[in-house]
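# Results of the structural survey
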Amino acid sequence: MSQPHRLATGGRIDRSRILLFRFDGRNLQGHPGDTLASALIANGVRLVGRSFKYHRPRGIFTAGPEEPSALVELRSDARREPNVPATVAELFDGLEAASQNRWPSLAWDVGAINARFARFLPAGFYYKTFMWPAAFWERVYEPIIRRAAGLGRAARQRDPDAYEHMHAHCDVLVVGSGAAGLAAARAAGSAGARVILAEQDFELGGGLLSEPAHDDWRKAQLAALREMPEVRILPRTTVLGYYDHNVLGAAERVSDHLPAPPPHGVRQRFWTIRAKQVVLATGAIERLIAFPDNDRPGVMLASAARTYARRFAVAAGRRAVLFTNNDEAYQTAFTLAESGIGIERIVDSRETSAAVEEARRRGFEVLPASEVSGIIGGKSVEAALVRSRHGGAARTVVADLVCVSGGWSPALHLASQTPAKPVWNEKLACFVPGTPVQAERSAGAARGVFGIGEAARDGHEAGRAAAAAAGLEGGATIALPTEVPPAATAIEACWEVKADGEGKSFVDLQHDVTAGDIRLAHREGYSHVEHAKRYTTHGMATDQGKTGGLVGAAVLAAARGEAIERVGVPTFRPYVTPVTIGAIAGRETGRHLKPVRRSPLHAWHVRNGAVLLETGLWLRPLYYPRTGEAGWTPILREARAVRQAVGLCDVSTLGKIDVQGPDAGPFLDRLYTNTFSTLPAGRARYGVMLREDGMVLDDGTTSRLGEQHYLVTTTTAKAAEVLEHMEFHAQTVWPGLDVQLCSVTDQWAQMAVAGPRARQTLQAAVGGRDLSNAALPFMGVAEGVIAGAPVRIFRVSFSGELAYEVATPAGYAEHVWEAILAAGRAFGIVPYGLEAMGLLRIEKGHVAGPEINGQTTARDLGLHRMLKKTGDYIGRVNAGRPGLMDPSRPSLVGIRALTDDFDKRLRGGAHVVSAPEDRHSLGWVTSVTRSVELDRWIGLAMLEGGIDRRGQRLYAVFPLKDEVVEVEITSPHHVDPENARVRA
Amino acid sequence: MHQIDCPWCGVRDEAEFKYRGDATVTRPAAGAGADAFHDYVHTRANPKGWHAEWWHHTGGCRQLVKVLRNTLTHEIRQTARAAEPLAAPSPETTPT
Amino acid sequence: MSAPEPRSALSAVLRPGHSGAKGETPVALAERRLAIVQLQARKVQEAALAAAIASALGLTLPPPGQASSASETTAVWVQPGAWLVTAPFTAPGDLARRLAGAAAGLASVTDQTFGKAVLRLSGERARDVLAKGCRVDLHPRVFGPGRTAVTTIAQIGCVLVQAGEAPTFDLVVPSTLAEAFFEWLEASAAEFGCEIREPG
């Protein structure tokens, strides 16, 4: 028979439609409106998983996101998702679910042997046992533990779905849509506030969904809210973090209730909500009581059994025992009885109460001053052991469902993150939210105001007050649900039933932590609640101990002999419930992790077969291989063309900053170690910039374009940092200087024309303008026109050859690039990429990122002639500290392999030593390349003794790869040390 | 998530800012000597409680903003333009 | 020889047509090809600069968070004492020369015509599209036509200008990041659908 535990009537399910789903390969049926948990119950499935540590059989314990036991895997292949509480998974047609943490099958699980050895697996077991030998941890212990303990399996394939972020602002954020939340949203909304109402469930109403008598009120509130244009209702949205300055994070499960997201839709959405005021109407969570075997499938929170009956019309059992310490839980007995479920006994830990009398009047068998001291049954409850608290033998009560209520704890996780410290309420036997420290207030059960009528009233007041605090007074008065509270006798704390025997009394079902483990932690000195938490892992599972956290704290308090308010509860942290990495990442995954920056010549590079590389944000051409070329071949060909003829390279990525104003020159004098105020207009100068601590920040050429106009060029990598460095000093250190800064990196495309034929090439491209040495000498700057586009021509050289950099407004990049290529064709021009550029600069001995690494001074890099003798500049004083002037500091040299065998390669990061076996490092290799001029491996290195070692024969060793290469120490300038070529 | 009231742009998310360090130090005069420059770069009070800091609005108006922030609670009491002074934090409100 | 037709940073990706879902309320997206100049007042010359620009172009230099227009020229506040001025593109450097002439000695002028790309997004759901990356509140109660924000959207610096009630937004981004920004915008608009129009 299909759905044997489905009640004949009632519930919020749509019986007219059947949904087919599978659990562990079994074909089952449910209805729209079901969760996976309610559908499993409907089908009589009780055993749904194995526990984390002991592999004990587990069932469904709750009806909400606090679920510690019924964690399952959903879907398959790339969409497989582990550790989803069956209690929140919305049923859909075709859903595939599987139990987890079992092998080979759920019913017969080999790992359950852990339970037999439980006495050897106490709290702190891993810390104590697997300390030594250290190497064993990685190779032996961890793999075994990982296989034996744990939860579900994540998908191995790439997630096929899209996720996104959403930013929202509101006057009032209401978290939770129970009676308090609905009333709060309505009150705030009617005052004109911009309201966001977030509800983790797929249906709005919270506890009201199990109260058919109040359904009309619920519907009326929702209808009214939907009429308000400034109220945004977000179902399936869990607010899971309360951060500084009233910013909250929420995860919306947009398409989790569908087999796959619709076309162009996302799976989940992460909301960042900036709220002026927040109303936390998160309700309360019923607590477990620690008694032996309180984790057996069939033991369930009392309110959950009621929710299953009322909201989902399923019977969690046929014969039930209720174990309670409070009056409220009697409603479960009454409801279950109405649904045709037999109530075998009501076991109340208190001596007497109003509810005891009421229940007896209704004909229930009530055992006051009694407790459940054990469970008979392994994979399912078969009977409860019940005994008097005054002593005597336990009797067996046959039942398949044991409903437990240890009282209610406000869901104050968000409030405690604010971080208002929770305060103990003795009357309610629970912690309630502390005095707010952010712009928030709790309402209803979330602050210990129980009962639908009372909660609604409290929520209404909170909503109104929140709107007023956000500057929106007034609003309509709304009808609130009336509820005559039954004359209730107060709860009496009952945390644990101690009994002899083997049964484990769990305080944390998900992490398999028992009351005994807590006492052990105390005995071993881990008595602070935060220490006990870490020692036992109590509350550290994905449910954060929502059903048993306070119980564990109470057990600890008893062990310490102190009141529970002195022990406290561990700090709650985001996230309130687990969130997928996908939602947090949003669209920032894979290639979109960071935005990709493209040169204005990018399309040309792609069309012409460039091999591209992401460096920083930029996508840059490495080289332009010709058919059949591989490895170093295209790089060497391109570099050789520059040394022998002419090459063209896209250097648009260089940072460019316009520095203008009457004080531009003096400003640059303070920024650079050398002087720029004396630079004539139409000239460029190489400059070095230090940080204030004396280390080199960046280098580059700066040109004077006009009396009050300089153009600073930075390296590609440091462009943003240099602009920020300039802004900091212009705004805060020398605010009196009249200087204006503006990044023009994107405005100008820039290309290097380099090689002995560079002048002829450029002359042909630029037409009439004279490019002779006399007209445009080395470090000269000129303007011109190429292909009808305006250009600036800078005679600067990074390659060490006769070279020019041509800049044009980015919209004309391709026109100018193509015109130069056309003009250079007769001279053998080739485009060259980043690799050849690196090769050329290493041959020339120009420093770059590997040398300017934040730990080198101008002196270290052989740039000390750049340090002016007079005048202040950033880094001047600290660069003169003795440690930075120490002549034994490693400084820049060239190194050259003695062999021309390219298989004996030099590597960046290799150490330089005197003899192959010598363990004293004299320094390290920073940059290496194959040289086209010297036909061998060459490089740059930072070496003790520096250039004084010129001519020495040393060894570059790379022990990780067992490489030893004999090298000669040289000047860093492997090519043209006299600088004749650049002036040709 | 800090919400920083930029004196030019209004309240903006901390993601638009870069932290730029202690705003209580002043660059010494050129001739102040090595100790003064050492202190300027390296010596910090690292207070627990109220602290004046530079936050650079690089993702917005590119201005350095002076922020009076509590390093313990992350509360921001005041923000000011670079040229403006911050009100001195009153010691009795400094959390201990 | 006059300048050739300049190439836009978006020409490789922004092709007229429909992208994303065939929704009932698609947004519209088009590139605006404008001349763009950054105008930065010299120290203590802000008032004189404002007067000079007002008399030369009839354009008011707006306060923080605002834009102002005169005929086809618009000024958007971007930094204290600094504005982006836009006008229809004519020839390279034209607008910069005009402003440099008007603001001689009062401001530093930097051409950004090709340093920025401008996307115009409009439609009922434009705010919802932007909310996927924009942290600034664009609700009509606190934002509106003529209002601007210099902010960061999807990790990309953006000058956002509300150009109309529809709502219509102009999004000014660095040209080397324009393609990345467009990719984000297109993906974010996909659930509503996006009509990509000819550049204007």
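Predicted model, so just to flag it, every value in this text is computed and none were measured.

### Structural notes on the overall build of chain C
Looking only at helices and strands, one finds four helices and 12 strands in chain C. At 17 Å, chain C has a C-alpha radius of gyration in line with the 16 Å of a compact globule built from 200 residues. Its C-alpha atoms give chain C principal-axis dimensions of about 55 × 50 × 30 Å. Evaluated residue by residue, chain C yields a buried proportion of 60% over its 200 residues. For chain C, contacts bridging at least 24 residues in sequence account for 66% of all contacts bridging at least 6. Just so you have it, chain C exposes about 7,400 Å², and 50% of that area is on carbon and sulfur atoms.

### What to know about the pairing of strand 11 (residues 237–243) of chain A
If a strand is regular, its side chains alternate between the two faces of the sheet. All names here are of chain A. Counting buried residues along strand 11, six of its seven residues qualify, which places the element largely inside the surrounding structure. Taken together, the six bridges between strand 11 and strand 12 (residues 247–252) define a ladder with antiparallel strand orientation. The residue bridging Thr-238 from the neighbouring strand is Ala-251, located in strand 12. What sits between the antiparallel neighbours strand 11 and strand 12 is a turn of three residues, in which His-245 has the positive phi angle 60°.

### Some thoughts on the interface of chain C and chain A
Chain C puts 50 residues into the contact, and the matching count from chain A is 53 residues. Together, the buried faces of chain C and chain A total about 4,100 Å²; carbon and sulfur atoms form 48% of this surface. Looking only at chain C, the three residues that lose the most surface to chain A are C:Arg7, C:Gln155 and C:Thr176, adding up to 17% of its buried area. The interface formed by chain C and chain A contains eight salt bridges. In this structure, C:Glu183 engages A:Arg591 in a salt bridge whose closest nitrogen and oxygen atoms are separated by 3.4 Å. Elements with a minimum of two residues in the side of chain C that touches chain A: strand 3 (34–41), strand 7 (107–111) and helix 4 (178–189) of chain C. If one sorts the elements of the side of chain C that touches chain A by residue count, helix 4 of chain C sits on top with six residues.

### With respect to helix 13 (residues 529–536) of chain A
Residue and element names in this part refer to chain A. When you tally the buried positions in helix 13, you get six out of eight residues, the bulk of the element. Those residues of helix 13 that sit buried are Val-529, Glu-530, Ala-532, Lys-533, Tyr-535 and Thr-536. Positioned one or two residues after helix 13, Thr-537 has a phi angle of 65°, which is positive.

### As for the pairing of strand 4 (residues 50–56) of chain B
All names here are of chain B. Taking burial as the measure, the seven residues of strand 4 include seven buried ones, the bulk of the element. Two elements, strand 3 (residues 18–22) and strand 4, share three bridges in a ladder whose sense is antiparallel. Across the sheet, residue Asp-22 finds its bridge partner in strand 4, namely Glu-53. In terms of strand pairing, strand 4 meets strand 5 (residues 64–70) through seven bridges, oriented antiparallel. Bridge pairing links Trp-55 to Val-65 in strand 5.

### Details of the sheet that holds strand 6 (residues 76–81) of chain B
Residue and element names in this part refer to chain B. Here we have four strands laid out as an open sheet, ordered 3-4-5-6, and antiparallel in their pairing. Looking at strand neighbours, the two that pair on one side only are strand 3 and strand 6, the edges of this open sheet. Recorded for the sheet is a direction-independent mean angle of 30° between the axes of neighbouring strands.

### Points about helix 5 (residues 179–190) of chain A
Residue and element names in this part refer to chain A. Compared with an ideal rise of 1.5 Å per residue, which puts 12 residues at 16 Å, helix 5 spans 16 Å between its outermost C-alpha atoms and is within 8% of the ideal. Helix 5 sits mainly inside the fold: 11 of its 12 residues count as buried. Within the sequence span of helix 5, burial applies to Ala-179, Ala-180, Gly-181, Leu-182, Ala-183, Ala-184, Ala-185, Arg-186, Ala-187, Ala-188 and Gly-189. Contacts from the buried residues of helix 5 go to strand 8 (163–175), strand 9 (195–198), helix 6 (215–227), strand 10 (231–234), strand 13 (268–280) and helix 11 (452–469). Just downstream of helix 5 lies Gly-192, where phi reads positive at about 95°.

### Considering the interface of chain C and chain B
Tallying the contact residues gives 11 residues for chain C and 11 residues for chain B. Here chain C meets chain B over a buried area of about 860 Å², counting both sides, of which 59% is carbon and sulfur. Sorting the residues of chain C by area buried against chain B places C:Pro80, C:Arg135 and C:Val150 first, and these three jointly supply 48% of that buried surface. The closest approach of N and O atoms between B:Asp13 and C:Arg135, which form a salt bridge, is 3.9 Å. Run the count over chain C and chain B and you get three residue pairs in polar contact (both at pLDDT 80 or more). Mapped by element, the contributors of at least two residues to the side of chain C that touches chain B are strand 5 (73–79) and strand 9 (148–153) of chain C. The element best represented in the side of chain C that touches chain B is strand 9 of chain C, accounting for four residues.

The rules behind these values
Residues numbered from 1 in each chain as written. Chains lettered and ligands numbered in written order. Predicted model: local features only at pLDDT ≥ 70, side-chain atom pairs only at ≥ 80, totals over all residues. Heavy atoms only, no water. Helix = DSSP H or I, 4+ residues; strand = E, 2+ residues; numbered from the N terminus. Rg over C-alpha atoms; globule rule 2.2 N^0.38 Å. Buried < 20%, exposed > 50% of the residue type's maximum accessible area, 1.4 Å probe, protein only. Contact = heavy atoms within 4.5 Å. Areas by Shrake-Rupley, 256 points an atom, 1.4 Å probe, with all protein chains shown as cover. Pairing = 2+ DSSP bridges. Buried area = accessible area lost by both parts, 1.4 Å probe. Salt bridge = Lys/Arg side-chain N within 4 Å of Asp/Glu carboxyl O. Axes fitted to C-alpha atoms, helices over the stretch in contact; angles between N-to-C directions. Expected span 1.5 Å × (residues − 1). Polar contact = N/O pair within 3.5 Å; in protein donor to acceptor, adjacent residues only side chain to side chain.

By themselves these figures say nothing about function.
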